[in-house]
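The residues making up each chain are set out below.
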Amino acid sequence: MSEIPAKATESEDPSDGARAGTAETAAAAPGDAMWQSSPPGSIYDYIKVASFAIGAGGLVEQWSLRAEQIFGVPAERAVGMDPIEAFIDPDLRERGQRKMAEILDGREWTGVVPFRMPGTADGGRGEEGIAEVYVMPTRTAEGENAAVCIVVDVRTLRSIETDLAASQSIFGQSPFGFLLIDTDLRIRRANVRFSSIFGGTPDDHRGKGVHDYLPRSEAERVAATMRRVLETGNSITDMHVTGFVPGSEERRHWSINLYRVHSGTGRPIGIAWLGQDITARRAAAREAAAARRNLALLNEAGARIGNSLDLETTARELLDVVVPGFCDLATVDLYQGLLAGDETPPGLADGSAELRRVAFASAVSDAPFVGGGVPVAVGAVHHYPFNSPCADALRTARPQYVPAAEGGGLVQSTLAVPMVAHDTVVGLAQFARTKGSEPFGERDRELAVELAARAAVCIDNARLYRREHERALILQRSLLPPGDPEASGLDIACRYLPGNAATEVGGDWFDVIELPGHRTALVVGDVMGRGLRAAVAMGELRTAVRTLALLDLEPAEVLSALDEIARGLGTPGGVQQATRTARQPRDADLSEVYLATCVYAVYDSVTRRCTFANAGHLPPVLVEPGEDALMLDVPPGMPLGVGGEPFEEVEVDLPEGSLLALYTDGLVESRDHPLDEGLQAFVGALTDPSQPLEDVCDHVLNTLDTHHGEDDIALLMARVQGLPAESVGDWALPREPRSVGRAREYARGQLVTWGLEPLVDTTELLVSELVTNALRYGEGEIRLRLLLDRTLVCEVWDSGLVQPRRRRARDTDEGGRGLQLVGLLSAAWGSRRTPRGKTVWFELPLPDGETGLTDPAEALLSLF
């Protein structure tokens, strides 16, 4: 076998040659180059090729290392084996023997041969395979026929065919751009999809690098990443790359996947680049992100805007939402007329009405808003020029883009958005973005309109609430006593504190009513509820209290009548209808139920006795000189408007200099201080009643928690200063005609003692008229009393129950003019019931040198 070495002493595996030292290869002579091993990447790295030799007897004489790898039989075992018997299936051995005979006769043969590896030592069946065999006849040294067989593993060839088909499908059919890049970062192969994007044919892109397709900075970033992939072997997934395609100025975005590619021996030979255009996906993602951001902004606006009923606070809440989440600078201007309470501001039709800047916010170091002329300070009143975009926005109720200021500046994009609520423009909101931010788009414009509309509704609600609150407060204050009330025998001080703007005005009230006989009615009440309705109900009840007080009813009777009136307030038919339906079961509308608490006290300055009646109100507080303050035990009764329960009276003697306090629950109760705690604090604050009464009121308000603003506060304090004994004249008269003359004498003497000589004649005349009526129409003992305080009061008492009735006498009547004369000469007169009869009284002003007295003679002549 001169053509084939007798023994295989060198490895036939090309990979062994690849692992040979590079120094030895470099040292080889040029003439020896043909004997060098195949370089890495040779076809033999992928195709399994083996050889073996068959001797003249048909047995294996030589067995290569590759044959060991393919057939799994070592050389020492294979040499001397019959290949037909060892590797061919028994059913095919006969045919194989014929082919072997033909080969040994010197014929070449090529074909595909199925084979089976020899069985294992434990008797197991060997693996099957298919080999393509190329048999070349040869001769031995003795001249006998032999053969050399070249064997290729068909399974490996079919695997290569499959890989080639897959590679072709990737390059030819893949919807993604695919590149094979060598270790020099140059394109070795590109698919059709890549060439369709960047132009040309796939072959036109061979040898190009990333700098030929991407901007410089982006190309350097991608090249550095590819080098890192080559060095480390770590794959890169979803790397975003930005660039342009030929013939288009649109910025494109791609998602790139990079992974290192290896040869059959495992040596890195380049990088696979798989790219997908995600421009549309990124645009959709931006749209979705913008939609989510806008929705979040609207949700935040719904949660944060309108929590206060204050106009300025609501405007600031809008800016807190939009800066910096939506824009960099923002302002809110509201019509000055609306802020002042006008329904429709002048100049609204052309956008020229005055506006007041109520809020400003900036996310750029408090930079001024310079997008529209001279900056306007918060609180300043201004107006926009007729032809300006802002005036146009106010005029048309449509948003407008405001051009950036010439000559550069901070602001690059501004939106002027009218604030429209219930088809009424209430103001203008401006949103600006500075240079470096994205300009406003159509979606931003729609969002700005929605935000401004939400804020406008809240601002309009706050405006309406402020208007109603102010009107209710004006109504309530107009129904309270003007100035400092005055009363006979009492030093009066009062305080009224309305709730803050965040709470509706309540129905608290107090009143000081002068009664005949130098008596005084003290009233404090609280209508349940808030707003204009409560203020109106309070006014109705206060008017009713004054009317009932002038009838000189007892405190319990006054409250009973008030209870009937309160029940009639919510009934269309009034008091009588309320009384008739009170006994019938019906579904009550709680919004039409008027409930109120009230304490009514009548103080007599002569006796220093005070009579109390209470309708569900807090108890009065009394401080006697040298004693601690105490709450009077007055039966509370039911609130007004409930009905069905009588009210009780309590009489209390008030020592000279004692202090009486009436109040509403806002003084002693709040969210942070329960009622019991507040009452104790109020009682504890009244420690020194000898101070001036105004100082005592201020001390109480400063000591207690009166700044919570949750409810109105009414406080009425009175210090007892009874009439001295020398200011009272009191006489008993028998029922006889001579009592008329005695009454005149008693009156004249008392007036002279008091130094009131100018009143003697008038008083004598009126006293004689009243005593005469008591003798003629009354019963029992007659009593005459003169009281001197700020006015002169004369009272005539008797036991009769019939009230005097004034009538107009005819010209022919001889009598019937007594009460007319009393009405002409006195400042006031009247009658009232007493526990033992009635009292008829008249009142005369004291002479002060300015007020002239009516001449009795002229008054008598005027009757005829």
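As the structure is a computational prediction, the values presented were derived from the model and not from experiment. (Residues numbered from 1 in each chain as written. Predicted model: local features only at pLDDT ≥ 70, side-chain atom pairs only at ≥ 80, totals over all residues. Heavy atoms only, no water.)

## A closer look at the side chain of R433
Looking at where R433 falls in the secondary structure, it is placed in strand 16 (residues 424–434). Residue R433 is classed as buried on the basis of its relative accessible area of 9%. Of the polar contacts made by the side chain of R433, one reaches the backbone oxygen of E438; its length is 2.9 Å. At 3.2 Å, the side chain of R433 and the side chain of D444 are in polar contact. The contact partners of R433, leaving out residues within four places of it in the chain, are F326, C327, D328, V411, Q412, S413, E438, P439, F440 and D444. (Helix = DSSP H or I, 4+ residues; strand = E, 2+ residues; numbered from the N terminus. Buried < 20%, exposed > 50% of the residue type's maximum accessible area, 1.4 Å probe, protein only. Polar contact = N/O pair within 3.5 Å; in protein donor to acceptor, adjacent residues only side chain to side chain. Contact = heavy atoms within 4.5 Å.)

## Digging into the pattern of salt bridges
Opposite charge on two side chains permits pairing when their charged atoms draw close. For the coordinates displayed, the defined rule picks out 39 salt bridges. A salt bridge links K99 to E102; the shortest N-O distance between them is 4.0 Å. With K99 and E102 both in helix 6 (residues 93–104), this residue pair falls three residues apart, about one helical turn. What makes E102 partly exposed here is its relative accessible area of 28%. Residues E450 and R454 are paired through a salt bridge, measuring 3.0 Å at the closest nitrogen-oxygen approach. Taken together, the residues span about one helical turn, with E450 and R454 both in helix 14 (residues 442–479) at a distance of four residues. You can call E450 partly exposed: its relative accessible area is 32%. (Salt bridge = Lys/Arg side-chain N within 4 Å of Asp/Glu carboxyl O.)

## Re helix 16 (residues 555–569)
The end-to-end C-alpha separation of helix 16 is 21 Å, in line with the 21 Å expected for 15 residues at 1.5 Å each. Within helix 16, the full set of buried residues consists of P555, A556, V558, L559, L562, D563, A566, R567 and G568. (Expected span 1.5 Å × (residues − 1).)

## Details of the packing of aromatic side chains
Inspection of every chain in the model, using the stated rule, returns 13 aromatic pairs. Relative to Y746, the ring of W731 lies with its centre 5.4 Å away and its plane at 10 degrees, an arrangement referred to as stacked. Here W731, found in strand 27 (residues 728–733), pairs with Y746, found in helix 20 (residues 738–754); they are 15 residues apart in sequence, far enough to count as distant. On the basis of relative accessibility, which here comes to 18%, the residue W731 falls in the buried class. What links up through ring pairs into an aromatic cluster is the set F52, W63, F71, F87 and F115. The side chain of R783 reaches across the aromatic face of W797, ending 4.6 Å from its centre. (Phe/Tyr/Trp six-rings, centres within 6.5 Å; stacked < 30°, edge-to-face > 60°. Lys NZ or Arg CZ within 6 Å of the ring centre and 35° of its normal.)

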